[in-house]
Amino acid sequence: MIPSLRSLLHLAVVLLILACIEAAAPTQIGNGYRLISVDKTSDGALIGHLQVNRKNNIYGPDIPLLQLYVKHETNDRLRVHITDAQHQRWEVPYNLLPRQQPPTPSKQTTQTSITSTEFAGNELIFTYTPNPFSFSITRKSNGETLFNSTPDGSNTYTSLVFKDQYLEISTQLPKTASLYGLGENTQPHGIKLYPNDPYTLWTTDQSAINLNMDLYGSHPVYMDVRNVGGEANVHGVLLLNSNGMDVVYRGTSLTYKVIGGVFDFYFFAGPSPLAVVDQYTQLVGRPAPMPYWSLGFHQCRWGYHNLSVVEDVVENYKKAEIPLDVIWNDDDHMDGHKDFTLNSKNYPHPKLINFLNKIHSRGMKYIVIIDPGIGVNSSYGTYQRGLANDVFIKYEGKPYLAQVWPGPVNFPDFLNPKTVTWWVDEIRRFHELVPVDGLWIDMNEASNFCSGLCSIPKGKQCPSGTGPGWICCLDCKNITKTRWDEPPYKINASGTQVPIGYKTIATSAVHYNGVREYDAHSIYGFSQTIATHKGLQGLQGKRPFILTRSTFVGSGHYAAHWTGDNKGTWDDLKYSISTMLNFGIFGIPMVGSDICGFYPAPTEELCNRWIELGAFYPFSRDHANYYSPRQELYQWKSVAKSAKNALGMRYKLLPYLYTLTYEAHTTGAPIARPVFFSFPNIAKLYELSTQFLLGSSLMVSPVLDKHQTKISVMFPPGTWYNLFDLSRVVVAKETESFSMDAPLHVINVHLYQNTILPMQRGGLISKEAKTTPFTLIVTFPAGATEGEAKGKLYIDNDELPEMQLGNGQSTYVEFSAKAENGLVKVWSNVEEAKFAIEKGLVIEKVTVLGLTGVRGGVAVEVEGGAGGDVSTVELVETDHLFFDEMKVGKGSKKSKMVEVKGLEIPVGKKFMMTWKMAIV
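Note that the structure is a prediction, hence the values are computed from the model and not measured.

Caption draft 1: A look at the overall build of the protein chain. Within the protein chain one finds 15 helices and 53 strands. For the protein chain, whose C-alpha radius of gyration is 30 Å, the value lies close to the compact-globule estimate of 29 Å for 920 residues. Across its three principal directions, the C-alpha atoms of the protein chain cover 110 × 75 × 60 Å. Counting the 920 residues in the protein chain, one finds 61% classified as buried. A fraction of 70% describes how many contacts in the protein chain between residues 6 or more apart in sequence connect residues 24 or more apart. Element-wise, carbon and sulfur atoms account for 51% of the exposed surface of the protein chain, whose accessible area totals about 33900 Å². Charged side chains in the protein chain number 83 positive and 87 negative. The centres of these two groups are separated by 1 Å.

So, in structure tokens, the structure goes:
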């Protein structure tokens, strides 16, 4: 009896342990696939078929047969595409995002004629394991594994899962990998992805103050930096899929959990950060060319109740001598918040036209907002024409009813070609009424103040006209009857797994050709952006400017972005840097946050610090909420002083910033970049989120905390010159931090060695600033007797749609400098000189930093002889003051700033300037 009892107890303990182990193990959602055939296509790709190993019904049945397609599309881009072999599935439309199309799905399996499990390209190698199927991507040059979907044995993730409404795949990652991207979200930990933070992608109208949540855009792309032995290699991974997804990053692995579509992976070989962005934007579209004036300062507010307020704002900026290029209207100019209308009482048409004529003659611009929701109103022409053309998204055959600012609205279906034609025509009609210079498209996630299936209430006004306009007043009921409204897997929408149709278009609503909102939701803003770009481009053949809130992969090809509704807090000031830098990686370099915060009231000190930082955002705009106090930069004397200082420098830097937009348009390079982009081998910089670069060598280090008059600035090795006082120098022997003075009106901006920076005199408006003479700042390492420096300048007729050379309307200049054998040379090479010569642009000063001074005179040779007269040239030498000497007094370091003044060198002419270095 007793032995038997012991045996039973032993068995019970074993069973209990096994039960605990089973309970602790994650649910096995799928059992993987096996490769049953693989062959090469006529264009050199691999095509194969995968058969499910054993079906289960968690989150729905497995798709039994998949088609695998693998292609080295370029020397540094590899595509892996997996879809249903028997049925066409939703993909991001090829007409919206043009790219190569894989073969049509087919269940016809071919004989396996390939025995090798390796498929090598120029730099990337695709390798597969047949059963259970997994694949890896390795770098040919060093054998490093970049992506590996084989389960790591830890039970943290499983093999490939492919169901109708649930797809899962994972990759192993080394612990030392540094990841960036996967947005849009506000990341409290900075630019580097943080293990176990949620990364949910589903375009959502929720304020950017919400941390680690799905926000306005969807960008399923990340950059991975690997540093081995002090040498970094960088690659990128894009999953081109518009469906909702959770991306689970654990530090040693990353898992995609997607609720539809296909696996369409693109791997970018890099190996540098800039190379990855170049390769990425080569696929998804180069960033849009921007008009010159868009780099000026912008002022906006929701709550400019009438035209006289707007006129006063413009005049007050002028009186305060604060630069301003663009004045904006939120929906205050509209009749009842309706798109493409004008409030005849508060914005009378004749007076508005007179105002626009006045500001246009000065070179200023005017931009207004439009939202996608079209007010349901029988007397509203835009709505009636839309109804007649059948342009709206449908639910059970009728236009889907929602509520936004006008009250009841229908949403245009921008996947329908007829809708695009109608939208383009509405833009044309409005532009004939009000000659705006750009359009601001908002609420295009799409935002809805209600949820579900709604109707207009009978017997009451909706909205009532009192209280906040965002309270739902329609009669609505939840839609739960379809699997599109209640999918089996719930993504972490809004951080709380709310229904994916919450406060947006019902996900069972239908677009053109039967496409469900469930699939197309996150490309709604993208499709509207493309239609808006087409409308603006067709007006007068001018370069369009569009600012959009909702973005997707490829949006940067058409538009700029602002980071949405932020708060006037010190935390939001910090967060703005990380979000801005992420959008550079996403191929949307023209980006910025609402300066001083959208709401509530910023403090005076915060607004000082914010304009100091915001003056160096690529897109620089002050914008405030209807319910916030006025916060134009002239409202406080102290803020006006900071604005004149910071924006004054921005306007001097406009030629540099515009050249960076050209670089972005031709190579994808972000305008604002993480510091590690220029120093990829320095691991200490990988988490640096409080400083950034403009271009490759101009470092911005703002104050981000209250009551601070000193800040810790991290300097990579080399010489850094204070841009506001070029006689002040910081020399870092290694990557180290220094405590820098930062009184209230000062922002630290430093220029790196080996650079030639083109600047102009600046001004209060870009139209005037861009005609002023140039100064070239040439930087060598402090105390150097040898060295080189490089710089670029692009100028053009910025009204032309294209930003390119070869049209007779642009000039590109490469500047070079060299010090060797006691001789200094500064020279230029010019492409397409005609435009710069016709504009009469000249270089009036060359400032050389870091050398030992001048011995004798300066010789200047200019192509064609013009501008080479040195009789009026003046040389000024100033000793540099080094950072450590500022603290302890004058030291023994020898380095000078040499200013060569009184020049008149045409920008469009090649020149050579030489002099002998002083002997120390």
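Moving on from the coordinates now.
Caption draft 2: Broad picture of the sheet that holds strand S5 (residues 118-120). The strand order S5-S6-S7-S8 describes an open sheet built from 4 strands, whose pairing is antiparallel. Two strands close off the open sheet at either side, each with one partner strand: S5 and strand S8 (145-148). Going from strand to strand, the sheet's axes swing by 15 degrees on average, the running direction of each strand aside. Where strand S7 (residues 134-139) lies against S8, 3 bridges are found, and the strand directions are antiparallel. Residue pairing across strands places Ser136 opposite Asn148, the latter belonging to S8.

Caption draft 3: Highlighting the packing of aromatic side chains. On inspection of all chains with the given rule, the structure shows 57 aromatic pairs. Ring centres 6.1 Å apart and planes at 75 degrees place the aromatic pair Phe392 and Trp422 in the edge-to-face group. Of the two residues, Phe392 sits in the loop between helix H5 (381-388) and strand S22 (394-395) while Trp422 sits in helix H6 (residues 417-433), which places them 30 residues apart along the sequence. When the ring of Phe411 is compared with that of Tyr524, the centres are 6.2 Å apart and the planes differ by 80 degrees; the resulting orientation is edge-to-face. With a gap of 113 residues between them, Phe411 in the loop between strand S25 (407-410) and H6 and Tyr524 in helix H8 (residues 524-540) connect regions that are remote in the sequence.

Caption draft 4: Examining the state of the cysteines more closely. Counted by the stated rule, this structure contains 4 disulfides. Between the sulfur atoms of Cys454 and its disulfide mate Cys476 the distance is 2.1 Å. When the S-S torsion is 110 degrees, as for the bridge of Cys454 with Cys476, the disulfide is right-handed. Here Cys454, found in strand S27 (residues 453-455), pairs with Cys476, found in strand S28 (residues 475-477); they are 22 residues apart in sequence, far enough to count as distant. For Cys476, a relative accessible area of 33% puts it in the partly exposed group. One disulfide in the model links Cys462 with Cys473; its S-S distance is 1.9 Å. Judged by the sign of its S-S torsion, about 75 degrees, the cystine formed by Cys462 and Cys473 is right-handed. With Cys462 in the loop between S27 and S28 and Cys473 in the loop between S27 and S28, the pair connects residues that are 11 residues apart, well separated along the chain. The pair formed by Cys462 and Cys473 is uniform in burial state, with each residue classed as buried. For the protein chain, the bonded cysteines connect in the pattern 1-4, 2-6, 3-5, 7-8 when numbered consecutively along the sequence.

Caption draft 5: Geometry of unusual backbone geometry. Following Gly183, the chain continues to Glu184 via a peptide bond in cis, the omega torsion being 15 degrees. Residues other than glycine seldom take positive phi values, yet His337 does so here, at roughly 65 degrees. For His337, the position within the fold is in the loop between strand S19 (326-329) and helix H4 (349-362). Residue His337 is classed as partly exposed on the basis of its relative accessible area, which comes to 33%. Unusually for a residue other than glycine, Phe340 sits at a positive phi of about 60 degrees. A relative accessible area of 10% means that Phe340 is categorised as buried.

Caption draft 6: Up close: a nonpolar patch on the surface. Residues Trp470, Ile471, Tyr626 and Tyr627 make up a contiguous nonpolar surface patch of roughly 440 Å² in combined accessible area. Here Tyr627 lies in the loop between strand S33 (620-622) and helix H11 (637-652).

Caption draft 7: Seen up close, the sheet that holds strand S15 (residues 245-249). One open sheet accounts for 5 strands, arranged S9-S10-S16-S15-S12; its pairing is antiparallel. The sheet is open, and its two borders are formed by strand S9 (161-162) and strand S12 (198-201), each paired with just one other strand. As paired elements, S12 and S15 share 4 bridges and run antiparallel to each other. Residue Thr200 lies in a different strand from S15, and its bridge partner there is Asp246.

Caption draft 8: A look at the packing of H6 against H8. Where H6 contacts H8, the axes come no closer than 9 Å and their chain directions differ by 45 degrees. One finds that H6 runs oblique with respect to H8. Classified by chirality, the crossing of H8 by H6 is right-handed. For the pair H6 and H8, the contacting residues are Val420, Trp423, Val424, Ile427, Arg428 and His431 in the first and Gln528, Ala531, Thr532, Lys534, Gly535, Leu536, Leu539 and Gln540 in the second. Of the residues that constitute the contact of H6 with H8, the class distribution is 7 nonpolar, 5 polar and 2 charged.

Caption draft 9: Focus on the packing of helix H3 (residues 307-320) against H4. One can describe the packing of H3 onto H4 by two numbers: an axis separation of 11 Å at closest approach and a directional angle of 20 degrees. Viewed along their axes, H3 and H4 adopt a mutual orientation that is roughly parallel. Judged by the sense of rotation from one axis to the other, the crossing of H3 with H4 is left-handed. Between H3 and H4, the contacting residues are Leu307, Val310, Glu311, Val314, Glu315 and Lys318 on the first element and Lys351, Leu352, Phe355, Lys358, Ile359 and Arg362 on the second. Among the residues making up the contact of H3 with H4, the classes are represented as 6 nonpolar, no polar and 6 charged.

Caption draft 10: Representation of the confidence of the model for the protein chain within the structure. Averaged over every residue, the pLDDT of the protein chain is 94; the share at 70 or more is 95%. Low pLDDT (under 50) marks residues 1-6, which in the prediction has 0 contacts with non-local residues, meaning those over four places away or in another chain. Segment residues 11-25: pLDDT under 50, and 0 contacts once partners within four positions in sequence are set aside and those in other chains are kept.

Caption draft 11: Structural detail: the environment of Thr145. Checked against the element boundaries, Thr145 lands in strand S8. Given a relative accessible area of 35%, Thr145 falls into the partly exposed group. Separated by 111 residues in the primary sequence, Thr145 and Arg34 place their C-alpha atoms 22 Å from one another. Excluding residues that lie within four positions of it along the chain, Thr145 makes contacts with Ser136, Ile137, Thr138 and Arg226.

Caption draft 12: Broad picture of the side chain of Asn233. Take Asn233: it is sitting in strand S14 (residues 231-239). With sequence-adjacent residues up to four places away left out, Asn233 is seen in contact with Arg139, Asn142, Glu144, Asp224, Val225, Arg226 and Pro271.

Caption draft 13: Representation of the pattern of salt bridges within the structure. Tallied over the entire structure, the rule returns 42 salt bridges. Across the pair Asp798 and Lys770 runs a salt bridge whose closest N-O atoms are separated by 3.3 Å. Taken together, the positions of Asp798 in the loop between strand S44 (787-796) and strand S45 (810-820) and Lys770 in the loop between helix H13 (766-769) and strand S43 (774-779) put the pair 28 residues apart, joining distant regions of the chain. The exposure class assigned to Lys770 is partly exposed, which follows from its relative accessible area of 29%. Among the charged side chains, a salt-bridge network with shared partners connects Glu73, Arg77, Arg79 and Asp264.

Rules of the game
- Residues numbered from 1 in each chain as written.
- Predicted model: local features only at pLDDT ≥ 70, side-chain atom pairs only at ≥ 80, totals over all residues.
- Heavy atoms only, no water.
- Helix = DSSP H or I, 4+ residues; strand = E, 2+ residues; numbered from the N terminus.
- Rg over C-alpha atoms; globule rule 2.2 N^0.38 Å.
- Buried < 20%, exposed > 50% of the residue type's maximum accessible area, 1.4 Å probe, protein only.
- Contact = heavy atoms within 4.5 Å.
- Areas by Shrake-Rupley, 256 points an atom, 1.4 Å probe, with all protein chains shown as cover.
- Lys, Arg positive; Asp, Glu negative; His and termini not counted.
- Charge placed at Lys NZ, Arg CZ, Asp CG, Glu CD.
- Pairing = 2+ DSSP bridges.
- Axes fitted to C-alpha atoms, helices over the stretch in contact; angles between N-to-C directions.
- Phe/Tyr/Trp six-rings, centres within 6.5 Å; stacked < 30°, edge-to-face > 60°.
- Disulfide = S-S within 2.5 Å.
- Patch = residues over 30% accessible without salt bridge, like charges linked within 9 Å, V, L, I, M, F, W, Y side chains within 5 Å.
- Salt bridge = Lys/Arg side-chain N within 4 Å of Asp/Glu carboxyl O.
- Parallel < 35°, antiparallel > 145°, perpendicular 65-115°, else oblique.
- Left-handed = near helix turned anticlockwise from the far one by under 90°.
- Nonpolar A, V, L, I, M, F, W, Y, C, P; charged D, E, K, R; others polar.
- pLDDT = per-residue confidence, 0-100.

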